[in-house]
There are 2 protein chains.
Amino acid sequence: MSQDPIARLTVLFARLPGVGEKTAQRLAFHVLKSPPEYASDLAEALLALRQEVRLCSVCCNLTATDPCPICADPQRDAKIICVVESVPDLLAIERTREFRGRYHVLHGALSPLDGIGPDQLKIKELLPRLVEPGGSADGRAEAAGRSIGGVEEVIVATDPTVEGEATALYLTKLVKPLGVRITRIAQGVPMGGDLEYADQVTLARALQGRREI
Amino acid sequence: MSQDPIARLTVLFARLPGVGEKTAQRLAFHVLKSPPEYASDLAEALLALRQEVRLCSVCCNLTATDPCPICADPQRDAKIICVVESVPDLLAIERTREFRGRYHVLHGALSPLDGIGPDQLKIKELLPRLVEPGGSADGRAEAAGRSIGGVEEVIVATDPTVEGEATALYLTKLVKPLGVRITRIAQGVPMGGDLEYADQVTLARALQGRREI
């Protein structure tokens, strides 16, 4: 690694996605011109990230506290679980302020070609949450007073891709026999979009999913 | 500041130029997915930046060693000094591999409207370098064996803007009486450009600066 701190920081910044060599240099000089607290705050946040962030033992969200703030919030409806592929997906749903239930993060989607089967996803962590408290394998979580079981609906919010659809189908086969309602988020034309430019598949799904007004 | 390390890092990333909230979040998750060394290397580079980087006492370049590697390199021609506004400008010229002299970084350009006069720039640091060794006020640098004085040419490579031009003019008035040759980098149509799209001022300068072929 280079001796020069500016060059060293530039090389590291350039490894970030979407950051080329020139942008990396601009960022390094920006840090240099910023108040000294900025560099130290950023350094501290980076170290804290690796030290403090772990998976929530209930929903597999990334969190500094276990259970995560959403699982620990008694205001959130424990009877509805929204299943997402990733934490950014979870954050995107949180930003809508439309969903007041809990989550389950799979950390991926089924993709046999990439060697990702059910065992590579956090699916086995989902099932205990759907059975009654007595049937839970996780006695520790139960003792901590967390709501396990009593789930009435599982919303599958995986991506509208081949992998996401396959994952939704797989989950349906697992969850339906447990007597829990399982739903899929609507697929259709995006708001503000133009029908003329919507792709065929999206438009077909929009027609199939039409609702009475 | 937020308690959650991911949110904290996202907020800090979002303060970088050209990085919005969504990009900041993507960067934070990228760091989280990278090998742990990446976050610690980045944190270390950030801290080193503030601790190690200072101004070169000769040319005002940003450097971890004083004098900077360029001033300390005996292979670089001490008889030519290229004056630039900023360190990124210096690095841009270094990338051309066209210049083997030394530099002087002004850290800005004259801009009376922004309250930047000659005293806000590193101009007073330039003048001692142009006079003979005996005339130098900086005895310390001289004792360290650095080349002071004996300068034959000053190339003014400030930006081709109103501020850069004003700075060039100001420097000319200061340097000419010392009997040192002062030159300005050529202004004209950029390589790979199209005359049709060149602006009037650039084209006018290109005509004025025409050379025999």
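In case you missed it, the structure is sitting above this.
Residues numbered from 1 in each chain as written. Chains lettered and ligands numbered in written order. Predicted model: local features only at pLDDT ≥ 70, side-chain atom pairs only at ≥ 80, totals over all residues. Heavy atoms only, no water.

Of the residues lining the interface, 43 residues belong to chain A; the matching set on chain B comes to 43 residues. Taken over both partners, the interface formed by chain A and chain B buries close to 4300 Å², and the fraction arising from carbon and sulfur atoms is 73%. Across the chain A-chain B interface, the total number found is 0 salt bridges. Viewed at the interface, chain B and chain A are joined by 12 residue pairs in polar contact (both at pLDDT 80 or more). Of all the secondary-structure elements, those providing two or more residues to the side of chain A that touches chain B are α1 (5-13), α2 (21-33), α3 (36-52) and α5 (87-96) of chain A. It is α3(A) that provides the largest number of residues to the side of chain A that touches chain B, a total of 15 residues. Considering only residue class, the side of chain A that touches chain B consists of 30 nonpolar, 4 polar and 9 charged. (Contact = heavy atoms within 4.5 Å. Buried area = accessible area lost by both parts, 1.4 Å probe. Salt bridge = Lys/Arg side-chain N within 4 Å of Asp/Glu carboxyl O. Polar contact = N/O pair within 3.5 Å; in protein donor to acceptor, adjacent residues only side chain to side chain. Helix = DSSP H or I, 4+ residues; strand = E, 2+ residues; numbered from the N terminus. Nonpolar A, V, L, I, M, F, W, Y, C, P; charged D, E, K, R; others polar.)

Residue and element names in this part refer to chain A. Read from one edge to the other, the open sheet built from 4 strands follows the order β4-β3-β5-β6, with strand pairing classed as parallel. With partners counted over all chains shown, the strands left at the sheet margins are β4 (101-105) and β6 (181-184), one partner each. Between one strand axis and the next, the sheet turns by 25° as a mean value, whatever way the strands run. Set on the sheet, α5 makes contact with β3 (77-84) and β4; between it and β4 the angle comes to about 160°. Packed on one face of the sheet, helix α8 (residues 162-175) meets β3, β5 (153-156) and β6 and runs near 170° to β6. (Pairing = 2+ DSSP bridges. Axes fitted to C-alpha atoms, helices over the stretch in contact; angles between N-to-C directions.)

The transformation that overlays chain A on chain B combines an axial shift of 0.0 Å with a rotation of 179°, and the residual RMSD is 0.1 Å. Such a combination of rotation and displacement between the chain copies is what one expects of a two-fold axis. The C-alpha atom lying nearest the rotation axis in chain A is that of Ala43(A); the distance is 2.0 Å. Here 100% of the interface residues in chain A have copies in chain B that are interface residues too; the copies meet face to matching face. (Least-squares fit on C-alpha atoms with pLDDT ≥ 70 in both.)

On to the state of the cysteines. One pass over the full model with this rule turns up 0 disulfides over all chains. Cys71(A) provides the cysteine sulfur closest to Cys59(A), a residue in no disulfide bond, and the two sulfurs are 3.6 Å apart. Unpaired in terms of disulfides, Cys60(B) finds its nearest cysteine sulfur in Cys59(B), a separation of 6.7 Å. (Disulfide = S-S within 2.5 Å.)

This part is about the packing of aromatic side chains. Both the distance between ring centres and the angle between the ring planes are used here to describe each pair of aromatic rings. Residue and element names in this part refer to chain A. Per the counting criterion, the structure on display carries 2 aromatic pairs over all chains. On the numbers, 5.2 Å between centres and 65° between planes, the contact of Phe99 with Tyr103 is edge-to-face. Look at Phe99 and you get buried, because its relative accessible area is 11%. (Phe/Tyr/Trp six-rings, centres within 6.5 Å; stacked < 30°, edge-to-face > 60°. Buried < 20%, exposed > 50% of the residue type's maximum accessible area, 1.4 Å probe, protein only.)

Between two packed helices, both the angle of their axes relative to each other and the distance between the axes serve to describe the pair. Running from N to C, α3(A) and helix α2 (residues 21-33) of chain B point in directions that differ by 55°, and their axes come no closer than 10 Å. One way to sum up the angle between α3(A) and α2(B) is to call them oblique. Considering how the two elements wind past one another, α3(A) and α2(B) form a crossing that is right-handed. Across from Leu46(A), Leu49(A) and Arg50(A) in α3(A), the residues of α2(B) making contact are Ala28(B), Val31(B) and Leu32(B). Classifying every residue of the contact of α3(A) with α2(B) by side-chain character gives 5 nonpolar, no polar and 1 charged. (Parallel < 35°, antiparallel > 145°, perpendicular 65-115°, else oblique. Left-handed = near helix turned anticlockwise from the far one by under 90°.)

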